[in-house]
Amino acid sequence: GQGFLIVPNEKTTYTADQEDPWHYCWVGFHGEEAGRILKICGIGQDDPVFSYSDIPKLQACVQNLMNFSSVGGNAFHSMEMLYRFFALICQEGYQKRQSALISTATAAGDCMEKNHSYGIGILEVAQYVGLDRSQLFRCFKQEYQMSPQEYLIACRITHAKRLLVQTDLSVSEVMYSSGFNDL
């Protein structure tokens, strides 16, 4: 009933219990929309694990995705099944996120913490919480005593520090993995 994100260009290790191993499959995807889709689903480098309670429904979706993705299969059916997969994950994740959100500023801060590494900007955060930039600035400043931009930079710096201490990634890899893509 759980899945996790493996991010390109970031070293990832995971191990199953030898006595009670996992039964798993993986879904690989890429493209211009990948970061936005993950953001919508509430999955990111800082929160890479997701849960899904209706396991048979998710298994059926993944099985259909595999069936349609075979060599010579219809690419549109494959895309349809991939989007169904994301829809299932997003729906359950959305319901959990909605119950956890305390305020608009908290939702914006949560969005930045989960998606800072994908090059998210303040305009996208404002759109996510349904405000314009100036409204977001005012409610964020009231809640956190800093601007949304300052908070986003702090998220990126915190993530970069953690990667520098806990991994052997190069400074360039850490920079890109932390969302500093335009330096």
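A quick note: this is a predicted structure, and the numbers were derived from the prediction, not measured. (Residues numbered from 1 in each chain as written. Predicted model: local features only at pLDDT ≥ 70, side-chain atom pairs only at ≥ 80, totals over all residues. Heavy atoms only, no water.)

### Here we look at the overall build of the chain
Applicable threshold: In this description a helix means any DSSP run of H or I spanning at least four residues, a strand means any run of E spanning at least two, and both kinds are numbered starting from the N terminus. Only protein chains enter the accessibility calculation, which uses a 1.4 Å probe. A residue is then buried if its area is under 20% of the maximum for its type, exposed if over 50%, and partly exposed in between. By definition, residues are in contact when any of their heavy atoms lie within 4.5 Å. Lys and Arg are tallied as positive, Asp and Glu as negative. Neither His nor the chain termini are counted. Here the site of a charge means NZ on Lys, CZ on Arg, CG on Asp, or CD on Glu.
A count of helical and extended segments in the chain gives 8 helices and 2 strands. From first element to last, N terminus to C terminus, the chain shows the α and β order β-α-β-α-α-α-α-α-α-α. Summarising its shape, the C-alpha atoms of the chain cover approximately 50 × 40 × 35 Å along the three principal directions. Put simply, the chain has 183 residues, and 34% of those count as buried. Contacts in the chain between residues far apart in sequence, at least 24 positions, make up 64% of those at least 6 positions apart. Once the 14 positive and 20 negative side-chain charges of the chain are each reduced to a mean point, those two points are 6 Å apart.

### What about the packing of helix α4 (residues 104–115) against helix α5 (residues 122–129)?
What counts here: Helix axes use the C-alpha atoms of the stretch in contact, all axes being lines fitted to C-alpha atoms, and the angles between their N-to-C directions lie in the range 0 to 180 degrees. Here roughly perpendicular refers to angles of 65 to 115 degrees, roughly parallel to angles under 35, roughly antiparallel to angles over 145, and oblique to all remaining angles. In this scheme the crossing of two helices becomes right-handed for a clockwise turn of the near helix relative to the far one and left-handed for an anticlockwise turn of less than a right angle. Any residue outside Ala, Val, Leu, Ile, Met, Phe, Trp, Tyr, Cys, Pro, Asp, Glu, Lys and Arg is labelled polar, Gly included; the first ten of those are nonpolar and the last four are charged.
Running from N to C, α4 and α5 cross one another at 130°; their axes reach a closest spacing of 9 Å. On the basis of their axis angle, the class for α4 and α5 is oblique. For the pair α4 and α5, the crossing hand works out as right-handed. Here T104, A107, A108, C111 and M112 of α4 lie close against α5, whose contacting residues are I122, V125, Y128 and V129. Here the contact of α4 with α5 is composed, by residue class, of 8 nonpolar, 1 polar and no charged.

### A closer look at the packing of aromatic side chains
Cut-off, in case you're wondering: By convention, a stacked pair of Phe, Tyr or Trp rings (six-membered ring in the case of Trp) has centres within 6.5 Å and planes under 30 degrees apart, an edge-to-face pair has planes over 60 apart, and any other such pair is tilted.
What the rule picks out here adds up to 9 aromatic pairs. Both rings, one in F4 and one in Y14, keep their centres 4.9 Å apart while their planes meet at 65°; by these two values the pair is edge-to-face. With F4 in strand β1 (residues 2–4) and Y14 in the loop between β1 and α1 (34–41), this residue pair connects regions lying 10 residues apart in the sequence. Among the residues examined, Y14 registers a relative accessible area of 39% and is labelled partly exposed. Counting every residue linked through ring pairs, the aromatic cluster contains F4, Y14, W22 and Y24.

### Comments concerning the side chain of H116
As a reminder, the rule being used: Two N or O atoms count as a polar contact when they lie within 3.5 Å, although within protein this holds only if one can serve as hydrogen donor and the other as acceptor, and sequence-adjacent residues are included solely when both atoms are side-chain atoms.
Tracing the backbone shows H116 in the loop between α4 and α5. On the basis of relative accessibility, which here comes to 1%, the residue H116 falls in the buried class. At 3.0 Å, the side chain of H116 forms a polar contact with the backbone oxygen of E113. Setting aside residues no more than four positions away along its own chain, H116 makes contact with D46, L152, C155, R156, H159, S178 and G179.

### A closer look at the confidence of the model for the chain
The condition that has to hold: As a per-residue quantity, pLDDT reports the predictor's confidence and falls between 0 and 100.
Confidence in the prediction of the chain, expressed as mean pLDDT, is 84, and 93% of residues score 70 or more. Here helix α3 (residues 75–100) stands out as the least confident element of the chain, with mean pLDDT 75; helix α7 (residues 148–166) is the most confident, with 93. Here residues 98–102 is modelled with pLDDT under 50, and outside its nearest four sequence neighbours on either side it reaches 1 contact, counting other chains as well.

### Structural notes on the packing of α4 against helix α6 (residues 133–144)
At a closest axis distance of 9 Å, the pairing of α4 and α6 adopts a crossing angle of 90°. The angle between α4 and α6 places the two elements in the roughly perpendicular class. Taken together, the residues of α6 that come into contact with α4 (itself represented by T104, A105, T106, A108, G109 and M112) are L136, C139, F140, E143 and Y144. The class makeup of the residues in the contact of α4 with α6 is 7 nonpolar, 3 polar and 1 charged.

### Examining the layout of surface pockets
To keep it simple, the criterion reads: For cavity detection a 1 Å grid was placed over the protein atoms alone, and a set of points counts as a cavity when a 1.4 Å probe fits there but cannot get out; an open set counts as a pocket when protein lies on both sides within 12 Å along at least five of seven lines, with lining residues being those that have an atom within 4 Å of a point. Grid points are joined across faces, edges and corners, and a volume is the space filled by probe spheres set on the points.
Empty space within the largest pocket amounts to approximately 1,500 Å³. Along the walls of the largest pocket sit 46 residues, with G3, F4, L5, I6 and F50 positioned nearest its centre. Among the elements of the structure, β1, α1, β2 (49–51), α2 (55–68), α3 and α8 (171–177) are those that each provide at least two residues to the lining of the largest pocket. The element contributing the most residues to the lining of the largest pocket is α2, with 6 residues. Along the lines of polarity and charge, the residues of the lining of the largest pocket split into 27 nonpolar, 17 polar and 2 charged.

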